[in-house]
Amino acid sequence: MEWVNDVIQGILTGGLYALFACGLSLMFGVMKVVNLAHGDLAVVGGYVALGVIAITHVPVLWSFVIVVPIMAGLGYLLQRTLIQGALDRGVLTTLIVTFGLSVVIENALLQFVNANSHSLGVGNSIVTGSFSIGSQIQLAYLLLLIFAVAVAVLLGLQYFLSSSRYGRMIRAVADDKEAAQLSGINYRHVFGIAAAIAFGTVALAGIGYGMYSQFSPSTGTDTILLFAFAAVVIGGLGSLWGTLVGGVVLGIAQQIGAQINQSDQLLAGYVVFLVILVVRPQGLTTRRAQS
Amino acid sequence: MSEPPSEPILEVRDLTVHHGQLQALEHISLRVFPGEVYAMIGANGAGKSTLLRTISGLHTPTEGSVLLDGKDVTKVRPDRRAILGIGMVPEGRRLFGSLSVEENLQVGASYARKGPWHIERVYELFGWMKDRRSQKTSQLSGGEQQSVAIGRALVANPRVLLLDELSLGLAPVIVQRIYAMLPQILDTGLTVLLVEQDVSQALRVASHIHCLLEGRTTLEGRPSDVDARQVEAAYFGLSGATAAPAEEAQLWSGSTTSSRGS
């Protein structure tokens, strides 16, 4: 029964990891940018939420209504300026630039906020509570909510990409941006939209993480980015639903690791990550690329 | 054929293009008139594709200018040029591989101008396409892919359609089938500038031919005004061995432009 509980808890935390990972996966899939600042941006989302809540007194749960558009706007702006500038100089340059961005964000947060941990306290018993199934399985409403949000975000993204005009353009640009230009598409604008979506999802993830746990300026690089990477690699690079599979596998591995020994929680996750990388480098959900 | 109107729809003036250090095109000029099929011929590496890519804006010239309807578009981005009416079927087709046939056409129509072409009409032009519209383009044969690439360019309702090596990698019978569509396309008022390695194919469809050799113009004129030997000389850069000296002087000067009713 304990194991069943571990698996269920793992699946639920996997939703949060998927939320972290899908933006990373989208930016890589569309513009081949490995955004090393992705984790820090989630933390920025958390801090922006703190600020928004302090100023406007919106309930924590609803802060995303303001935070997500702010972060999406920031994403569009950063893509059109800094990241596009790096892309124009070559894909490798984006690694250096986003790494630099990560360092700048982390240090700016240390400078202007402080090194203390913060969380987005949810004073709402519906969210903080849990219910149990049997004697062993406890389901936290908050984790259930985050999981539901993750699935909704992925479904929404899937629908947007497959059925909307802009989604189609994003896929076309990802396939061949020169050919897209010949159809009148300004690929830089489309990249901006993709980045806006990625930043929006990572802001959601940051808020979710802030409600679930605590964050500090360094959380972005030492936890979130790694989890996001692991989820993306396990699930398969560039696959949207792969991020959920990857997140869930990572979550379950961590829970089972913690069950064996509390200190093995993170290690177990990374062992699975490495095993997948060796055995099935294309990830669980994507087929091996055809040459 | 009637005399072309006096204003060219597309004009290239004194275009020089470099690929890094390498000079790909050297002082190329050409004028394409409405309704024309203007064919660029030449061997591999003659600079034909570079010329089309520069006209569509994917390459930036070192010198010279590109004019659409007399307006200089040399500094205009490729996507803006497409919206202004320069359409292109790029070399190697360059379809969106993860998109279906229909989605490829929809992307082509994203910023379509007003005009006679729409997706249904492309389906009428290529009878097989409608039934297979939900297939991924990677599942299509080369000729079918080329047809989708043409359709994708047509649905944008370009004023000038640039066709880059339609015959590349296709069986001759398929090539002929695709070129047989050209009259139906021209009937809708399009102007075509095409690049073709297959000279006989180009001569069959073109109202004007222009031969490039190592980035320079070696021959220009109407197909009826040039004979096979002249074309051969211009294409391969042969000297007087195959072309009579008197003809050759005319050939290489590129002065045939003046013989057109412009």
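Residues numbered from 1 in each chain as written. Chains lettered and ligands numbered in written order. Predicted model: local features only at pLDDT ≥ 70, side-chain atom pairs only at ≥ 80, totals over all residues.

Our next topic: the overall build of chain B. In terms of regular secondary structure, chain B is built from ten helices and ten strands. A separation threshold of at least 6 residues defines the contact pool for chain B, and within that pool the share at least 24 residues apart is 69%. (Helix = DSSP H or I, 4+ residues; strand = E, 2+ residues; numbered from the N terminus. Contact = placed C-beta atoms within 7 Å.)

Scanning chain A from N- to C-terminus turns up twelve helices and two strands. Its helices and strands taken in sequence order, chain A reads α-α-α-α-α-β-β-α-α-α-α-α-α-α from the N to the C terminus. Over its C-alpha atoms chain A spans a radius of gyration of 19 Å, differing by no more than 12% from the 19 Å that the globule rule assigns to 291 residues. Restricting to contacts in chain A with at least 6 residues of sequence separation, those with at least 24 account for 73%. (Rg over C-alpha atoms; globule rule 2.2 N^0.38 Å.)

Residues and elements named next belong to chain B. Here Val 231 shows up in helix H9 (residues 228–236). Considering only alpha carbons, one finds Val 231 and Arg 113, 118 residues apart in sequence, at a separation of 37 Å. When sequence neighbours within four positions are dropped, the list of residues in contact with Val 231 reads Val 199, Cys 211, Leu 219 and Val 226.

A few words on the interface of chain A and chain B. Across the contact, 16 residues belong to chain A and 21 residues belong to chain B. Elements with a contribution of two residues or more to the side of chain A that touches chain B: helix H7 (165–175) and helix H8 (177–182) of chain A. Top element by residues in the side of chain A that touches chain B is H7 of chain A. It accounts for six residues. A breakdown of the residues in the side of chain A that touches chain B according to their chemical character gives six nonpolar, four polar and six charged. (Nonpolar A, V, L, I, M, F, W, Y, C, P; charged D, E, K, R; others polar.)

As a further point, take the nonpolar core. Residues and elements named next belong to chain A. Core analysis: the largest hydrophobic core is formed by 166 residues, its most contacted members being Phe 20, Ala 194 and Ala 231. A total of 16 residues in this core trace back to one element, the largest contributor, which is helix H9 (residues 187–212). If we skip the residues at most four places from it in the chain, Phe 20 touches Ala 42, Val 202, Ala 205, Ile 224, Phe 227, Ala 228 and Ala 231. (Core = buried A, V, L, I, M, F, W, Y, C linked by C-beta atoms within 7 Å. Buried ≥ 20, exposed ≤ 12 C-beta atoms within 10 Å, placed from the backbone.)

Residues and elements named next belong to chain B. Reading across the sheet, the six strands line up as S6-S7-S8-S3-S9-S10 and stay open at both edges, with mixed pairing between neighbours. What marks the edges here is a single partner per strand, and that holds for strand S6 (86–89) and strand S10 (216–221). On average, each strand axis in the sheet is inclined to that of its neighbour by 20°, with strand direction left out of account. Taken together, the four bridges between S6 and strand S7 (residues 160–164) define a ladder with parallel strand orientation. (Pairing = 2+ DSSP bridges. Axes fitted to C-alpha atoms, helices over the stretch in contact; angles between N-to-C directions.)

All names here are of chain B. Mean pLDDT over chain B: 88, with 89% of residues reaching 70 or higher. Segment residues 240–262 is flagged for pLDDT under 50; beyond a separation of four residues in sequence, or across chains, it makes 29 contacts in the model. Reported confidence for the predicted complex is 0.88 by ipTM and 0.89 by pTM. (pLDDT = per-residue confidence, 0-100.)

Turning our eyes to something else, we now look at the sheet that holds strand S2 (residues 22–32) of chain B. All names here are of chain B. The four strands lie next to each other as S2-S1-S4-S5, forming an open sheet whose pairing is antiparallel. This sheet does not close on itself; its edge strands, each paired only once, are S2 and strand S5 (71–72). When strand S1 (residues 10–19) meets S2, the two strands line up antiparallel, connected through seven bridges. Bridged to His 18 within S2 is Gln 23.

Attention now goes to unusual backbone geometry. Even without glycine at this site, His 57 of chain A takes up a positive phi of about 60°. With respect to the helices, strands and loops of the structure, His 57 of chain A is situated in the loop between helix H2 (38–56) and helix H3 (64–88). If you check the backbone angles, His 27 of chain B has positive phi at about 50° while not being a glycine. Considering the arrangement of structural elements, one finds His 27 of chain B in strand S2.

Residue and element names in this part refer to chain A. Between H3 and helix H4 (residues 91–112), whose axes approach to 7 Å, the crossing angle comes to 150°. In terms of axis orientation, H3 runs roughly antiparallel to H4. Contacts between H3 and H4 involve Leu 82, Ile 83, Ala 86 and Leu 87 on the former and, on the latter, Val 91, Thr 93, Thr 94, Val 97 and Leu 101. By residue class, the composition of the contact of H3 with H4 is seven nonpolar, two polar and no charged. (Parallel < 35°, antiparallel > 145°, perpendicular 65-115°, else oblique.)

Our focus in this paragraph is helix H11 (residues 240–260) of chain A. Look at H11 of chain A: 31 Å from first C-alpha to last across 21 residues, which is about the 30 Å you get at 1.5 Å a residue. With 16 of 21 residues buried, H11 of chain A lies mostly within the body of the structure. (Expected span 1.5 Å × (residues − 1).)

All names here are of chain B. Structurally, the position occupied by Val 160 is in strand S7. C-alpha separation for the pair Val 160 and Pro 34, spaced 126 residues apart in sequence, amounts to 8.3 Å. Residues within four places of Val 160 in sequence aside, it is in contact with Ile 9, Leu 10, Val 32, Gly 85, Ile 86, Gly 87, Thr 191 and Leu 193.

This part is about the environment of Trp 62 of chain A. All names here are of chain A. Within the element layout of this structure, Trp 62 appears in the loop between H2 and H3. Given 12 C-beta atoms within 10 Å, Trp 62 falls into the exposed group. The spatial distance from the C-alpha of Trp 62 to the C-alpha of Ala 203 is 13 Å, given a sequence separation of 141 residues.

Further remarks concern the confidence of the model for chain A. Interpretation of the predicted coordinates at a detailed level should be avoided for regions scoring low in pLDDT. Confidence along chain A averages 92 in pLDDT terms, with 96% of residues attaining 70 or more. When pLDDT is averaged over each helix and strand of chain A, the minimum, 67, is found for helix H5 (residues 125–128) of chain A and the maximum, 97, for H3 of chain A.

Moving on to the packing of H7 of chain A against helix H3 (residues 101–108) of chain B. It is the contact of H7 of chain A with H3 of chain B, at a shortest axis distance of 10 Å, that shows an interaxial angle of 100°. Compared by their axis directions, H7 of chain A and H3 of chain B come out roughly perpendicular. Taking contact as the criterion, the partners of Arg 168, Met 169 and Ala 172 of chain A in H7 of chain A are, on H3 of chain B, Glu 103, Gln 106 and Val 107 of chain B.

Before going further, it helps to examine the pairing of strand S8 (residues 191–196) of chain B. Residues in a regular strand project their side chains so that they alternate between the two faces of the sheet. Residue and element names in this part refer to chain B. The element S8 is extensively covered by neighbouring structure, given that six of its six residues are classed as buried. The side-chain alternation of S8 yields two buried faces, one formed by Thr 191, Leu 193 and Val 195 and the other by Val 192, Leu 194 and Glu 196. Taken together, the five bridges between strand S3 (residues 37–42) and S8 define a ladder with parallel strand orientation. When the sheet's bridge partners are listed, Ile 41 is paired in S8 with Glu 196. When S7 meets S8, the two strands line up parallel, connected through five bridges. Across the sheet, residue Asp 164 finds its bridge partner in S8, namely Val 195.

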